[in-house]
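Residues per chain are reported as follows:
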Amino acid sequence: MIKDQFTALKSFLSTPKNIAIIGHKGPDGDAVGSTLALSMYLKKLNHNTSVIVPNDFPDFLKWMPQSDSILIYEKENEKVERILNNVDLIFTLDFNSLSRVGYEMQTILEKTDAPFAMIDHHQLPEAYATYNYSDVSICSTAQMVYHFIEMMNNLSLLDKDIASCIYTGIMTDTGSFRYSSTSATTHKVVAHLIEKGVDNAAIHQAVFDTNSPDRMQLLGVALQNLVILDEFNTAYITLSQEELDKHNFQKGDTEGFVNYGLSIKNIKFAVIFIEHKQENLIKISFRSIGDFNVNHFARMYFEGGGHNNAAGGKSNLSMKETVNQFITNLQSHKKELVNE
Ligand code: 5GP
Ligand code: MN
């Protein structure tokens, strides 16, 4: 973090403030983990905090300490708007473009007078924040919250609950410590979190081993729908609204499905297309192994973005047209996908 900005933020936080902490739309383990951890830490410094997300988060994160205090804009829009118009500071965590909170919340954020503090690890941060802590080399925003507390010289304030939230964010964003973003520092941080009382096995179980039978059946459908494009070392999965409905789709059910494509020998690029009939869009997740940059691909063709090896995007075309467009786009990247 730029020294002057950190010094200014530290000084700003030296007296009690009203603070909102916001995570992105479609909150994942890192968004929920990092916002809750920062909130619990700031409360220890006598700040008044509200954690806000645009829409609901998956059930497999609802065991998290203080997760029931999270305000969901979609459910309590007036209350959230009132809070956002009366805070001294707004932290935005795990995203770096205000569009990632959805149109309505974005409009409120753009009108507010409060300064922003960004903590985020995605590529190409936008310039809306007064205080910027952006580092694309760190695996998760949750690990950045740990480093923020460290920079504040407050690691002694870490307790089991804060540590558990940070652990969850790191674990989910690193695919359980296996992606290349997992560094020696990540493991040192995690070791410290476990020393602080984190029950790592229980968290893993709570997040990954609480599948519904419906979700497992839906995974079966996704794997049946998997298409391999040998000439591009690419695999993709489609899930239609009808297939989701048939298996009683719940938020978070398709989390991780895209990775099955990447687990196939020689596959370097894996994609999942998921239909959202109500919003009239196809939500897309992109994953890669090696140098193929899915952040660029998602930005270039599907109004999205993310990281080099994990990104998301969307399309307003039909499923068939979206997949056709995708296959057409692939033609321009054949060299990158085949020659690595
Ligand atoms: P996922 O595929 O799991 O939804 O997202 C993968 C990564 O890409 C995450 O880090 C997520 O924040 C980012 N991401 C997902 N969807 C979008 C999008 O529409 N726009 C941008 N800029 N990033 C996205
Ligand atoms: Mn993240």
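Rules and cut-offs
Residues numbered from 1 in each chain as written. Chains lettered and ligands numbered in written order. Predicted model: local features only at pLDDT ≥ 70, side-chain atom pairs only at ≥ 80, totals over all residues. Heavy atoms only, no water. Near = heavy atom within 4 Å. Polar contact = N/O pair within 3.5 Å; in protein donor to acceptor, adjacent residues only side chain to side chain. Areas by Shrake-Rupley, 256 points an atom, 1.4 Å probe, with all protein chains shown as cover. Helix = DSSP H or I, 4+ residues; strand = E, 2+ residues; numbered from the N terminus. Nonpolar A, V, L, I, M, F, W, Y, C, P; charged D, E, K, R; others polar. Donors = N, O, S within 2.8 Å, 3.2 Å for Na, K, Ca; no water. Buried < 20%, exposed > 50% of the residue type's maximum accessible area, 1.4 Å probe, protein only. Domains from an automatic or database assignment. Contact = heavy atoms within 4.5 Å. Buried area = accessible area lost by both parts, 1.4 Å probe. Salt bridge = Lys/Arg side-chain N within 4 Å of Asp/Glu carboxyl O.

(A) Seen up close, the site of ligand 1. For ligand 1, the full set of nearby residues is Arg 100, His 122, Lys 283, Ser 285, Arg 287, Gly 304, Gly 305, Gly 306, His 307, Ala 310, Ala 311 and Gly 312. A distance of 3.0 Å is found between a nitrogen atom of ligand 1 and a side-chain nitrogen or oxygen belonging to Lys 283. The separation between an oxygen atom of ligand 1 and a polar side-chain atom of Arg 287 is 2.8 Å. When ligand 1 is considered free in solution it has 490 Å² of accessible area, and contact with the protein chains removes 79% of it. Broken down by secondary-structure element, the contributors of at least two residues to the shell around ligand 1 are strand E10 (281-288), strand E11 (305-306) and strand E12 (310-315). The class makeup of the residues in the shell around ligand 1 is two nonpolar, seven polar and three charged.

(B) Molecular detail of the coordination of the manganese ion (ligand 2). Donor atoms from the polypeptide that coordinate the manganese ion (ligand 2) comprise Asp 30 (OD), Asp 94 (OD), His 121 (NE2) and Asp 173 (OD), at 2.2 to 2.3 Å from the metal. Given the relative accessible area of 1%, Asp 94 is considered buried.

(C) View of the domain arrangement of the protein. Partitioning the protein into structural domains gives domain 1 (3-208) and domain 2 (213-338). Placing the centre of domain 1 and that of domain 2 at their C-alpha centroids yields a distance of 27 Å. Taken together, the contacts link 13 residues of domain 1 with eleven residues of domain 2. Buried surface at the junction of domain 1 and domain 2, summed over both partners, amounts to about 890 Å²; 48% is from carbon and sulfur atoms. In this structure, the connection of domain 1 to domain 2 is made through zero salt bridges. The interface formed by domain 1 and domain 2 includes three residue pairs in polar contact (both at pLDDT 80 or more).

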